[in-house]
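Survey of secondary and tertiary structure
Each chain, written out:
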Amino acid sequence: MKFTVPDYIQAIEPYVPGKPLENLEREYGISDSVKLASNENPLGPSPKALAAIRNGLAALHRYPDGAGHLLTRKIAVANGILPANVVIGNGSDDIIALLVRALIRPGDRVIVPRPSFLMYAITASAAGARVDAVPLKDLAMDLDAMAERVTTGTRLVFVCNPNNPTGTVVTQTSFDRFMTRLPEDVVVVVDEAYIEFASNPDCLITGQPSDVNRPLVTLRTFSKVYGLAGLRVGYGIMPASLAELLNRVRPPFNVNSMAQAAAAAALDDQAFLQQTVGLVHRGLRDLYDALERLGLTYFKTEANFFLIDVGQPADVVFENMLRQGVIVRSMRAYGFPTYIRINVGLEPENRRFLRALETVLSQKEA
Ligand SMILES: Cc1ncc(COP(=O)(O)O)c(C=O)c1O
């Protein structure tokens, strides 16, 4: 078949998502497997969100509210901002896509940290942008180096806080310095997909009313702490003029009615949020202790996932862990060939992971 494809599309390396449990069980003929590969909420969805979905089922023949009034208003109240500062998306991935669609022409420059969430570079590249990837320093975002990379062609800069996959955070002080170094027309996107898990008191948190005078965008998601990854709903907080622009290029029904209802209900479910954060913090302490006993190097995190150096090819460990029914993420594609990333699971899942890892690493030594 013949068709013409732009070079910049040909050059894109596809995003490889975490392996779904069903595929693993089918391929390996096992059951009761455990997935710790996609930073999901091990408690499941917020119960209030589930109730909202049940209530909304009978209206599925209707189109969703294209403006997402109820959800937008709730997000605004929760963050102390105005509805005009909010754009809702089919996951925060969608807000990244809308920003790129609204702001980027082929040849424009976009700065991303590396390694970080891969969709920044993929989405920008798909619009023909030139992506300037700035390496992390000691696993953390190097904001000084990122500021130095800004040129007259730079339109967008992505900051991931906490950073996926390293779990490190940016401090308020270093971010303030960074902002003073940037030209005022460069749009800065701070992705706070995991911000609810951060406990470092110096951690930057954006999305406050005082922030919305500069072209600063905060990305948040319902996929992680609220447990709604499968529904696909996230949002951006930004100056009203930028929100208005994104809404021009946003398909009117990008967030389906179940997602809108569930997300609005989840925002009211602070008990579930607290329960999730508590579970993750306890799980991290237990996992760190156990890994220390095993003599493995790991990297403390401010998110619900962290990196472990398994001291041998991570792709092999990933495969052998699959055979034990545990899905982890190899970090080879992120430039860490001996690291795996796991997210915190339920207590029995964490124990199962530790047993599997011990088995896999001892097999290799035998
Ligand atoms: C840093 C970061 N940002 C954004 C996302 C995408 O989230 P969503 O499910 O809202 O599209 C992820 C998902 O893993 C992520 O790790």
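Here the structure is a predicted model, which means the values were calculated and not measured.

With that out of the way, let us pick up the overall build of the protein. A tally of regular secondary structure across the protein gives 13 helices and 13 strands. Counting only residues that meet the buried cut, the protein has 45% of its 366 residues in that class.

Once that is clear, we can look at the site of the ligand. Taken together, the neighbourhood of the ligand is formed by 13 residues, with Gly91, Asp93, Thr221, Ser223 and Gly234 sitting nearest. In terms of residue class, the shell around the ligand is made up of 4 nonpolar, 7 polar and 2 charged.

Turning to the domain arrangement of the protein, a few remarks are in order. Each assigned domain of the protein is listed with its residue range as follows: domain 1 (17-44 + 271-365) and domain 2 (57-267). The interface is formed by 21 residues belonging to domain 1 together with 19 residues belonging to domain 2. Counting residues per element, the ones that place at least two in the side of domain 1 that touches domain 2 are helix 11 (270-293) and strand 10 (305-309). In terms of residues, the side of domain 1 that touches domain 2 owes the most to one element, helix 11, which gives 4 residues.

So, about the packing of helix 5 (residues 92-103) against helix 6 (residues 119-126). The description of two packed helices rests on the angle between their axes and on the distance between the axes. Direction vectors running N to C along helix 5 and helix 6 enclose 35°, while the axes themselves pass 9 Å from each other. Crossing of helix 5 over helix 6 shows right-handed handedness. Contacts from Asp93, Ile96, Ala97 and Val100 in helix 5 reach Met119, Tyr120, Thr123 and Ala124 in helix 6. By residue class, the composition of the contact of helix 5 with helix 6 is 6 nonpolar, 1 polar and 1 charged.

Right, let's get into the sheet that holds strand 5 (residues 154-160). Strand pairing in a sheet takes place through backbone hydrogen bonds and is either antiparallel or parallel in direction. Here we have 7 strands laid out as an open sheet, ordered 2-8-7-6-5-3-4, and mixed in their pairing. Of all the strands in the sheet, the pair left with one neighbour each is strand 2 (86-89) and strand 4 (130-135). Neighbour-to-neighbour, the strand axes of this sheet turn through a mean angle of 20°, independent of strand direction. Sheet topology places strand 2 next to strand 8 (residues 234-237); 4 bridges connect them, and they run antiparallel. Along strand 8, the bridge assignment pairs Val87 with Gly236.

Let's shift gears to helix 11. Spanning 24 residues, helix 11 covers 35 Å between terminal C-alpha atoms, matching the ideal 34 Å at 1.5 Å per step. Looking only at helix 11, the buried set comprises Phe272, Thr276, Val280, Leu284 and Leu287.

We now examine unusual backbone geometry. Leave glycine aside and you will find that most residues have negative phi; peptide bonds, for their part, are mostly trans. With omega at 0°, the peptide bond leading from Arg114 into Pro115 counts as cis. By secondary structure assignment, the location of Pro115 is in the loop between strand 3 (109-114) and helix 6. Put simply, Asn164 and Pro165 share a cis peptide bond, and its omega is 20°. Structurally, the position occupied by Pro165 is in the loop between strand 5 and helix 8 (172-181). Not every positive phi belongs to a glycine, and Asn39 is a case in point at roughly 55°. Note that Asn39 resides in the loop between strand 1 (34-35) and helix 3 (47-56). If you check the backbone angles, Arg232 has positive phi at about 70° while not being a glycine. Of note, Arg232 is situated in the loop between strand 7 (216-221) and strand 8. By the C-beta count within 10 Å, which is 20 here, Arg232 ends up buried.

On the secondary structure map, Val34 appears in strand 1. When the 24 C-beta atoms within 10 Å are taken as the criterion, Val34 is described as buried. Taking C-alpha positions, Val34 is 38 Å from Ala67, a pair spaced 33 residues apart along the chain. Not counting residues up to four positions away in its chain, the partners in contact with Val34 are Gly325, Val326, Gly345, Glu349, Arg352 and Phe353.

How each quantity is defined
Residues numbered from 1 in each chain as written. Predicted model: local features only at pLDDT ≥ 70, side-chain atom pairs only at ≥ 80, totals over all residues. Helix = DSSP H or I, 4+ residues; strand = E, 2+ residues; numbered from the N terminus. Buried ≥ 20, exposed ≤ 12 C-beta atoms within 10 Å, placed from the backbone. Near = placed C-beta within 6 Å. Nonpolar A, V, L, I, M, F, W, Y, C, P; charged D, E, K, R; others polar. Domains from an automatic or database assignment. Contact = placed C-beta atoms within 7 Å. Axes fitted to C-alpha atoms, helices over the stretch in contact; angles between N-to-C directions. Left-handed = near helix turned anticlockwise from the far one by under 90°. Pairing = 2+ DSSP bridges. Expected span 1.5 Å × (residues − 1).

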